[in-house]
Protein chains: 2
Amino acid sequence: MDERLKKQMDFALEIDKEKNIFRQTHISGHGRNENDAEHAWHMAIMAYLLREYSNEPVDISKVMLMCLIHDIVEIDAGDTYAYDEENKKTQAAREEAAKKRIFGMLPEDQAGELMALFEEFEAYETAEAKFARALDNVQPLMLNDSNGGEDWLKHDVSQTQVRGRQNKTAIGSKKLYEEVVDRIIKDNVLRGNIKDE
Amino acid sequence: MDERLKKQMDFALEIDKEKNIFRQTHISGHGRNENDAEHAWHMAIMAYLLREYSNEPVDISKVMLMCLIHDIVEIDAGDTYAYDEENKKTQAAREEAAKKRIFGMLPEDQAGELMALFEEFEAYETAEAKFARALDNVQPLMLNDSNGGEDWLKHDVSQTQVRGRQNKTAIGSKKLYEEVVDRIIKDNVLRGNIKDE
């Protein structure tokens, strides 16, 4: 096998490990914890189908690829729960090292491309990054709502915390924020699944 | 929520069930069975990174979307193992009904688009369908090879069976067939993981 293809196949096998990185979110039907690969798959399809609601026009292929690769760093860095303030302090450093090692397995041109795409997602400045991030927020919110808010209850999460995260959804999609996120938050506060603080 | 968005969100939640459809393939590191959502995620990233090896030029965004949605019908129809000749007889009818019910949850334009894309994948005629199908074959082959061929051993699979399926990989990518698939098959026949019949 030529060296370029070997690097690509080694990377392809390496990212299989993302299927073992489990999140705090549970799949619908009161199922097991969701893993990063499934989450990324779900986000990418949702991004495609909901692209009409992006605040700004987006290159949807780029958004989808961003969704698919945005959690690969967690193979080394682990999942950092959205409301785990302690672990969030070291998240950037852990993910930076992971980015270099994992994407660095690819041929140089593709390593550079995927690192740049990951950095773009993290920097949260382009239209594509903002819309991808909106889906990164809406997808687990939708699952948790479908499960009667059990993940919020378990972690004793407050409305301030959820809104702190979800306010960013509006930067990518005002429509998804107003018609999906806001409605779900209000409903779960009313039901006592999210603390009204 | 307006009716269009409601249909899109209902579909988004429905496809979460794909995470419960388990395949015969095991994830690397002698892990658990892989599910359809993870498989689709893996295929889509591999398609993007290996697109230079497609026999024909492809619209890679279309290939990726095809990869992401190609197994959604299995939510109703279940996974049909590649070498299960009995179940393969009813596969088309089961998947046809599933296609109508599940994609039919979407607004009409998107339902039509995704059904057409699924049909294109199944018909196996366009450059995009051929390349997507090549990845559908290469991804589990790669995983199974990484696990010492345990899935072939378990199902007592012969070289004729594996080549019967994998010959189609060459129609999408001669390069992947010759440098990845053929090498893996020969190696696993030699090791006794695939019967030399």
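Up top you'll find the structure we're talking about.
Reading the values: rules and limits
- The residue numbering used here restarts from 1 in each chain and proceeds along that chain's sequence as written.
- Think of it this way: whatever chain is written first is A, whatever ligand is written first is 1, and the rest follow in order.
- Given that this is a predicted model, residues contribute local features only at a pLDDT of at least 70 and side-chain atom pairs are listed and counted only at 80 or more, while totals for whole chains, interfaces and linings are drawn from all residues.
- The basis for every side-chain value is the complete set of heavy atoms in the structure, and neither hydrogens nor water enter the calculation.
- A helix here means a DSSP run of H or I that spans at least four residues, while a strand means a run of E at least two residues long, and both kinds are numbered starting from the N terminus.
- Between the two quantities, the radius of gyration covers C-alpha atoms and the globule rule is 2.2 Å times the number of residues to the power 0.38.
- Three labels apply to residues, based on accessible area from a 1.4 Å probe with only protein chains included: buried if under 20% of the type maximum, exposed if over 50%, partly exposed otherwise in between.
- Contacts are assigned to residue pairs that have any heavy atoms within 4.5 Å of one another.
- To be clear on the numbers: accessible area is Shrake-Rupley with a 1.4 Å probe, and residue cover counts the displayed protein chains and nothing else.
- We treat Lys and Arg as the positive residues and Asp and Glu as the negative residues; His and chain ends play no part in the count.
- Lysine's charge is taken at NZ, arginine's at CZ, aspartate's at CG and glutamate's at CD.
- Residues below a pLDDT of 70 in either copy are left out; the C-alpha atoms of the rest, at least 70 in both, set the least-squares superposition of the copies.
- Buried area is understood as the total, over both parts, of accessible area removed when two parts are fitted together, assessed with a 1.4 Å probe.
- Just to be clear on terms, a salt bridge is a Lys or Arg side-chain nitrogen sitting within 4 Å of an Asp or Glu carboxyl oxygen.
- Nitrogen and oxygen atoms within 3.5 Å of one another constitute a polar contact, given that in protein one can donate a hydrogen and the other can accept it, and given that sequence-neighbouring residues count only through two side-chain atoms.
- Note on terminology: a nonpolar core comprises buried Ala, Val, Leu, Ile, Met, Phe, Trp, Tyr and Cys residues joined through side-chain atoms within 4.5 Å.
- Two strands form a pair only when DSSP identifies at least two bridges running between them.

A.B. asks: Can you walk me through the overall build of chain A in this structure?
C.D. replies: In terms of regular secondary structure, chain A is built from 10 helices and 2 strands. For chain A, whose C-alpha radius of gyration is 17 Å, the value lies close to the compact-globule estimate of 16 Å for 197 residues. When burial is assessed residue by residue, chain A has 57% of its 197 residues classed as buried. Restricting the contact set of chain A to residue pairs at least 6 apart, pairs at least 24 apart contribute 67%. Of the accessible surface of chain A, which amounts to about 7900 Å², a share of 50% is contributed by carbon and sulfur atoms. In chain A, which carries 27 positive and 40 negative side-chain charges, the distance between the mean positions of the two groups comes to 2 Å.

A.B. asks: For this particular structure, what's the right way to read the relation of the copies chain A and chain B?
C.D. replies: One copy of the chain maps onto the second through a rotation around an axis plus a translation along that axis. When chain A is fitted onto chain B, the two copies agree to an RMSD of 0.0 Å after a turn of 180° and an axial shift of 0.0 Å. What the superposition gives is, in effect, a two-fold axis relating one chain to the other.

A.B. asks: What's the story with the interface of chain A and chain B in this structure? I'm lost.
C.D. replies: Interface size is commonly expressed as the accessible surface area that is lost when the partners come together. Listed per partner, the contact involves 54 residues of chain A and 54 residues of chain B. Taken together, the two surfaces of chain A and chain B that pack against each other cover about 4500 Å², and 66% of this comes from carbon and sulfur. Its largest share of buried area at the contact with chain B, chain A owes to Lys19(A), Trp41(A) and Leu49(A), together 16% of the area lost on that side. Where chain A packs against chain B, one counts 6 salt bridges. As a salt-bridge pair, Lys19(A) and Glu34(B) come within 2.6 Å of each other at their nearest N and O atoms. Scanning the region where chain A abuts chain B turns up 33 residue pairs in polar contact (both at pLDDT 80 or more).

A.B. asks: Which parts of the structure should I look at to understand the pattern of salt bridges?
C.D. replies: All names here are of chain B. By the definition in use, this model includes 54 salt bridges over all chains. Note that Lys7 is salt-bridged to Glu3, the shortest N-O span being 3.9 Å. Remark: Glu3 and Lys7 occur in helix α1 (residues 3-14); sequence separation between them is 4 residues, near one turn of the helix. In this structure Lys7 comes out as partly exposed when scored by relative accessible area, which is 34%. Residue classification places Glu3 among the exposed positions, given a relative accessible area of 60%.

A.B. asks: Looking at this structure, I do not really get unusual backbone geometry. What am I missing?
C.D. replies: The backbone phi angle of Tyr124(A) is positive, close to 65°, even though this residue is not glycine. Examined against the element boundaries, Tyr124(A) turns out to sit in the loop between α6 (108-123) and α7 (127-146). Accessibility expressed as a relative area gives 15% for Tyr124(A), which makes it buried. Located in the positive-phi region is Asp156(B), a residue other than glycine, with phi close to 55°. Secondary-structure assignment places Asp156(B) in the loop between α8 (150-155) and α9 (159-172).

A.B. asks: I'm lost on the nonpolar core in this one. Help?
C.D. replies: Among the nonpolar cores identified, the biggest contains 122 residues, and Ile72(A) and Ile72(B) are the most heavily contacted of them. Beyond its immediate stretch of four places on either side in the chain, Ile72(A) contacts Phe11(A), Ile15(A), Glu18(A), Ile102(A), Phe103(A), Trp41(B) and Ile45(B).

A.B. asks: Teacher, can you tell me more about the pairing of strand β1 (residues 22-26) of chain A here?
C.D. replies: Regular strands place side chains that alternate from one sheet face to the opposite one. Pairing of β1(A) with strand β2 (residues 33-35) of chain A involves 2 bridges; the strand directions are antiparallel. In the strand pairing of β2(A), His26(A) is matched with Asn33(A).

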